[in-house]
Amino acid sequence: MNHLSMGDFGFSKLRRFVFAAIIWISVFPAMAGVLQLTDAPYIDLSANFEVFVDETKSLSVDQVVALQPNFRPVQEPDLVRKYDSRVFWLRMTLLNATQFPMERWLDIGHPRLESVKLYQRREGAWNVMNSGVSVPKDEKLIHGAVAFPLKIAPGERQELWMRVQSRTSLDL
């Protein structure tokens, strides 16, 4: 399951947050494509992603960005694919509408995913972070997890692009 976390979080607080998120999306549908971050310590991102399947397994991030109309909202079967060797591209947009910088961790599914790359455009160039079992331990940001740090300035809108490929079970 994809989520942002800041530590332990009680189930009742999670339930209240999920309820508030459902209300937010239904009241403000124009913002549904952009996830507005709050100070909540945990946010399930699964429903906020869009997905594109790269059957060729060879497209670059620039080629995928050019194919934006081919993305569709993610559905539950997209997140639990069992064994599937195709390349899955996920994208979403985060917005920090607060006055304060935010630091969050993006945690992506099962720790046995083979290759997960997070792309963020910074100053006109791609910043790429790698994770998964194919990444050497000394290059991983967190051992035993597929997670990426996110730093989002006040008022910043950040588009995230992820490339996921694995010969293991795809549980996002």
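Look up: the structure comes first, before these words.
Along every chain, residues carry numbers that run from 1 in the direction the sequence is written. Local features in this predicted model are restricted to residues whose pLDDT is 70 or higher, and side-chain atom pairs enter the listing and the counts only when it is 80 or higher, whereas totals over whole chains, interfaces and linings include all residues. To get the side-chain values, take all heavy atoms of the structure and skip hydrogens and water.

## Description of the packing of aromatic side chains
- Working definition: a ring pair exists when centres of Phe, Tyr or Trp rings (six-membered ring for Trp) sit within 6.5 Å. Plane angles under 30 degrees give stacked, over 60 give edge-to-face, the rest tilted. Taken as a whole and assessed by the stated rule, the structure comprises four aromatic pairs.
- A ring pair is formed by F52 and F71, whose centres lie 5.6 Å apart and whose planes are at 40 degrees; its orientation type is tilted. Placement of the pair is F52 in strand β4 (residues 50-54) and F71 in the loop between α2 (61-66) and β5 (72-73), with a sequence separation of 19 residues. Of the two residues, F52 and F71, both sit in the buried class.
- Considering the side-chain rings of F71 and W161, the 5.5 Å spacing of their centres and the 80 degrees angle between planes classify their relative orientation as edge-to-face. With F71 in the loop between α2 and β5 and W161 in strand β12 (residues 157-165), this residue pair connects regions lying 90 residues apart in the sequence. Each helix is a run of DSSP H or I of at least 4 residues and each strand a run of E of at least 2, with the numbering of both proceeding from the N terminus. Summary of the burial criterion: residues with accessible area below 20% of their type's maximum are buried, those above 50% are exposed, and those between are partly exposed, where the area comes from a 1.4 Å probe applied to protein chains only.

## Looking at the nonpolar core
- Residues belong to one nonpolar core when they are buried, are Ala, Val, Leu, Ile, Met, Phe, Trp, Tyr or Cys, and are joined through side-chain atoms within 4.5 Å. L94, L106, I108, V116, L118 and M162 are the most contacted members of the largest nonpolar core, which totals 26 residues.
- Counting residues per element, the ones that place at least two in this core are β2 (34-37), β7 (87-96), β8 (102-107), β9 (115-122), β11 (147-152) and β12.
- Residue contributions to this core peak at four residues, all from β7.
- The next biggest cluster of nonpolar side chains, apart from the first, holds nine residues, and it includes L59, V61, F71 and V87.

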